[in-house]
Amino acid sequence: MFHDVRGQGPALVLLHGWAMHSGLFAPLVDALSGEFELHLVDLPGHGRSREAGVPLSLDAAVDAVAARVPDRALWLGWSLGGLVALQAAATRPSRVRGLVMLAANPRFVRSEDWPAGMDPSVFRGFASELGRDYRATIDRFLMLEAQGSDHVREEIRLLRDEVFAHGEPRANVLCDGLALLEDTDLRGALPALAMPSLWLAGRRDRLVSPEAMQAAGALAPGARFHEVARAGHAPFLTHAGEVADALRAFAADCPP
């Protein structure tokens, strides 16, 4: 598993989203490396962990990350990475000082009791298309991530430049990731979370609605919600300063 450490200060683990890698967090690294020890991890099968031999399941990913990062770190998960961070918070509470869900939810798809989720057919559609046109399918997902952003063209360019910067994730790994996004439901873990949490949303996100994130945060004790008004699914790319400020304020209030 690829793991890189930048900066100095309290430990902050950064977990990326589907089809991506930790290099995408460069704007946050630039903003925060003077104040935090940033732990950049490529999830199993992604980026520089492409040949790690670790399955892309929540428990396996949490085990692999926890073996490499310090105790009492803040864990931040963007999109798919949010499921890994939340699983760590739920199953290893002594290891997680604070949880940051960045454009992420405990359940990504819609159901009768979760109406603000995405239509599950979206994830099934991406999975079926991967085998027919791998690159076009990923590009369509990137465009969906950037929709709604004030800087949509810049964001699409950044995502396209980075997505294959460290190699192509395997199609079977991407299918496993889509299955996690479609099938995982960690809402039941929220009321018992033992640490503070920050739910950081983009107001114009087309993949994870801010309303759903606010509803999820309301289930967790000690939670706070922050919305980046003019951002889409990747607010750290286009509004890194605001995201960094929200993280600083949250970290300052987390117990050591």
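Residues numbered from 1 in each chain as written. Predicted model: local features only at pLDDT ≥ 70, side-chain atom pairs only at ≥ 80, totals over all residues. Heavy atoms only, no water.

A. Inspection of the environment of V228 at higher detail. Structurally, the position occupied by V228 is in strand β7 (residues 223-228). Separated by 39 residues in the primary sequence, V228 and A189 have C-alpha atoms spaced 26 Å apart. In contact with V228, not counting residues within four places along its chain, are L200, A201, G202, R203, P235, H239, E242 and V243. (Helix = DSSP H or I, 4+ residues; strand = E, 2+ residues; numbered from the N terminus. Contact = heavy atoms within 4.5 Å.)

B. Region of the structure containing the side chain of N105. Positionally, N105 belongs in the loop between β5 (96-102) and α4 (120-130). The residues touching N105, leaving out its near neighbours within four places in the chain, are L83, W114, W199, V208, S209, A212, M213 and A216.

C. Looking closely at the pairing of strand β4 (residues 73-78). Extensive coverage of β4 is indicated by the burial of 6 of its 6 residues. Every second residue of β4 is oriented toward a common face, with A73, W75 and G77 on one face and L74, L76 and W78 on the other, all of them buried. Bridge count between strand β2 (residues 11-15) and β4: 4 bridges; the pairing is parallel. Residue L14 lies in a different strand from β4, and its bridge partner there is L76. (Buried < 20%, exposed > 50% of the residue type's maximum accessible area, 1.4 Å probe, protein only. Pairing = 2+ DSSP bridges.)

D. Molecular detail of the pattern of salt bridges. On inspection of all chains with the given rule, the structure shows 19 salt bridges. D113 is the salt-bridge partner of R187, the closest N and O atoms lying 3.4 Å from each other. Separated by 74 residues along the polypeptide, R187 in the loop between α7 (171-183) and β6 (197-202) and D113 in the loop between β5 and α4 bring together distant segments of the chain. Accessibility expressed as a relative area gives 14% for R187, which makes it buried. Owing to a relative accessible area of 54%, D113 belongs among the exposed residues under this scheme. (Salt bridge = Lys/Arg side-chain N within 4 Å of Asp/Glu carboxyl O.)

E. Geometry of α4. Every buried residue belonging to α4 is among P120, F123, G125, F126 and L130, and all of these are buried. Those residues of α4 hidden inside the fold are in contact with α5 (134-146) and α7. Where α4 starts, the residue carrying a side-chain oxygen 2.9 Å from the main-chain nitrogen of S121 turns out to be D119. (Polar contact = N/O pair within 3.5 Å; in protein donor to acceptor, adjacent residues only side chain to side chain.)

F. Region of the structure containing unusual backbone geometry. The phi dihedral of R72 falls on the positive side, at around 60°, and the residue is not glycine. If you trace the backbone, R72 turns up in the loop between α2 (58-66) and β4. With a relative accessible area of 33%, R72 lands in the partly exposed category. Its identity as a non-glycine residue notwithstanding, A103 has a phi of 50°, on the positive side. Residue position: A103 is located in the loop between β5 and α4.

G. Representation of the sheet that holds β6. With respect to topology, 7 strands assemble into an open sheet ordered β1-β3-β2-β4-β5-β6-β7, the strand pairing being mixed. Looking at strand neighbours, the two that pair on one side only are β1 (3-6) and β7, the edges of this open sheet. With direction set aside, neighbouring strand axes in the sheet form an average angle of 20°. Relative to β7, β6 runs parallel, the two being bridged by 6 bridges. In the sheet register, L200 faces β7, and the bridge partner there is H226. The sheet strands contacting helix α10 (residues 240-253) are β4, β5, β6 and β7, and the helix crosses β7 at an angle near 170°. (Axes fitted to C-alpha atoms, helices over the stretch in contact; angles between N-to-C directions.)

H. Examining helix α8 (residues 210-217) more closely. Listing the buried residues of α8 in full gives P210, A212, M213, A216 and G217. The buried side chains of α8 occupy one side of the element, clustering within an arc of 160° when seen end-on. Elements in contact with the buried residues of α8: β5, β6 and β7. (Arc of directions from axis to C-beta.)

I. Main features of the packing of aromatic side chains. As enumerated under the stated definition, the model contains 5 aromatic pairs in all. Where W78 meets F236, the ring centres are 4.9 Å apart and the plane angle is 80°; that geometry is what we call edge-to-face. Placement of W78 in strand β4 and of F236 in helix α9 (residues 235-238) is noted, with a sequence separation of 158 residues between them. The exposure class of W78 is buried, given its relative accessible area of 0%. Judged by centre distance (6.2 Å) and plane angle (25°), the rings of Y134 and F164 are stacked. Note that Y134 is positioned in helix α5 and F164 in the loop between α6 (152-163) and α7, a separation of 30 residues in sequence. Owing to a relative accessible area of 15%, Y134 belongs among the buried residues under this scheme. Three or more aromatic residues joined by ring pairs make a cluster, and in this case those are W18, F126 and F141. In this arrangement the basic side chain of R48 is found over the ring face of F2, its NZ or CZ atom lying 3.9 Å from the centre. The residue whose ring lies beneath R135 is F164, and the NZ or CZ to ring-centre distance is 4.1 Å. (Phe/Tyr/Trp six-rings, centres within 6.5 Å; stacked < 30°, edge-to-face > 60°. Lys NZ or Arg CZ within 6 Å of the ring centre and 35° of its normal.)

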